[in-house]
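# Secondary and tertiary structure notes
Spelled out, the chains give:
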Amino acid sequence: MSQTTQPYTIKMVNAIGLSAAERSAAELRFRMALESSVGGREFVVPTLQACMLARSLISHLAPEELAHADHDAEREVITLWENAEDKAIMTALKPLNRDMGEARFEINT
């Protein structure tokens, strides 16, 4: 069975003071780090979707319910995505050597 990779785009927004080339390079660094952290390009969209689903499944839980082992999988999926995203952000922004304020990366599927 062949697996198709779901397409997605990365866009850096609110990047005040960056040239188009700097923005493009930061977007590329973000993409490469994110893909590396989740295991490859084909896993970015499914991992993001799994994280969003996990968040929705546990959003209504009280802290004591959330701590229960029944929700370990949801917490692990969320942690995987958040760690990958944090690493990608740091990788993308570090070479810019300046405070990027409200800059962020949007992933569109």
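Quick caveat, the model's predicted, so the values are computed rather than measured.

### Structural notes on the environment of Ile10
Within the fold, Ile10 resides in strand E1 (residues 9–13). C-alpha separation for the pair Ile10 and Arg98, spaced 88 residues apart in sequence, amounts to 21 Å. When neighbours within four sequence positions are excluded, Ile10 is seen to be in contact with Glu27, Phe30, Arg31, Phe105, Glu106 and Ile107.

### Some details on the packing of aromatic side chains
Tallied over the full model, the rule gives one aromatic pair. Considering the side-chain rings of Phe30 and Phe105, the 4.4 Å spacing of their centres and the 10° angle between planes classify their relative orientation as stacked. A residue pair is termed long-range when its members are at least 10 positions apart, and Phe30 in helix H1 (residues 20–38) and Phe105 in strand E2 (residues 104–108) qualify at 75 residues. Pair check on accessibility: Phe30 and Phe105 agree, each one buried.

### Looking at the packing of H1 against helix H4 (residues 72–93)
Contact geometry for H1 and H4: axes closest at 8 Å, N-to-C directions at 150°. Relative to H4, the element H1 is oriented roughly antiparallel. Regarding H1 and H4, the two cross each other, and that crossing is right-handed. Counted together, Ala26, Arg29, Phe30, Ala33, Leu34, Ser37 and Val38 of H1 and Leu80, Trp81, Ala84, Glu85, Lys87, Ala88, Ile89, Thr91 and Ala92 of H4 form the full contact between these two elements. Here the contact of H1 with H4 is composed, by residue class, of eleven nonpolar, two polar and three charged.

### Regarding the pairing of E2
Of the two faces of E2, only the one carrying Phe105 and Ile107 is buried; Arg104, Glu106 and Asn108 on the other face are not. Relative to E2, E1 runs antiparallel, the two sharing five bridges. The residue bridging Val13 from the neighbouring strand is Arg104, located in E2.

Thresholds, definitions, all that
Residues numbered from 1 in each chain as written. Predicted model: local features only at pLDDT ≥ 70, side-chain atom pairs only at ≥ 80, totals over all residues. Heavy atoms only, no water. Helix = DSSP H or I, 4+ residues; strand = E, 2+ residues; numbered from the N terminus. Contact = heavy atoms within 4.5 Å. Phe/Tyr/Trp six-rings, centres within 6.5 Å; stacked < 30°, edge-to-face > 60°. Buried < 20%, exposed > 50% of the residue type's maximum accessible area, 1.4 Å probe, protein only. Axes fitted to C-alpha atoms, helices over the stretch in contact; angles between N-to-C directions. Parallel < 35°, antiparallel > 145°, perpendicular 65-115°, else oblique. Left-handed = near helix turned anticlockwise from the far one by under 90°. Nonpolar A, V, L, I, M, F, W, Y, C, P; charged D, E, K, R; others polar. Pairing = 2+ DSSP bridges.

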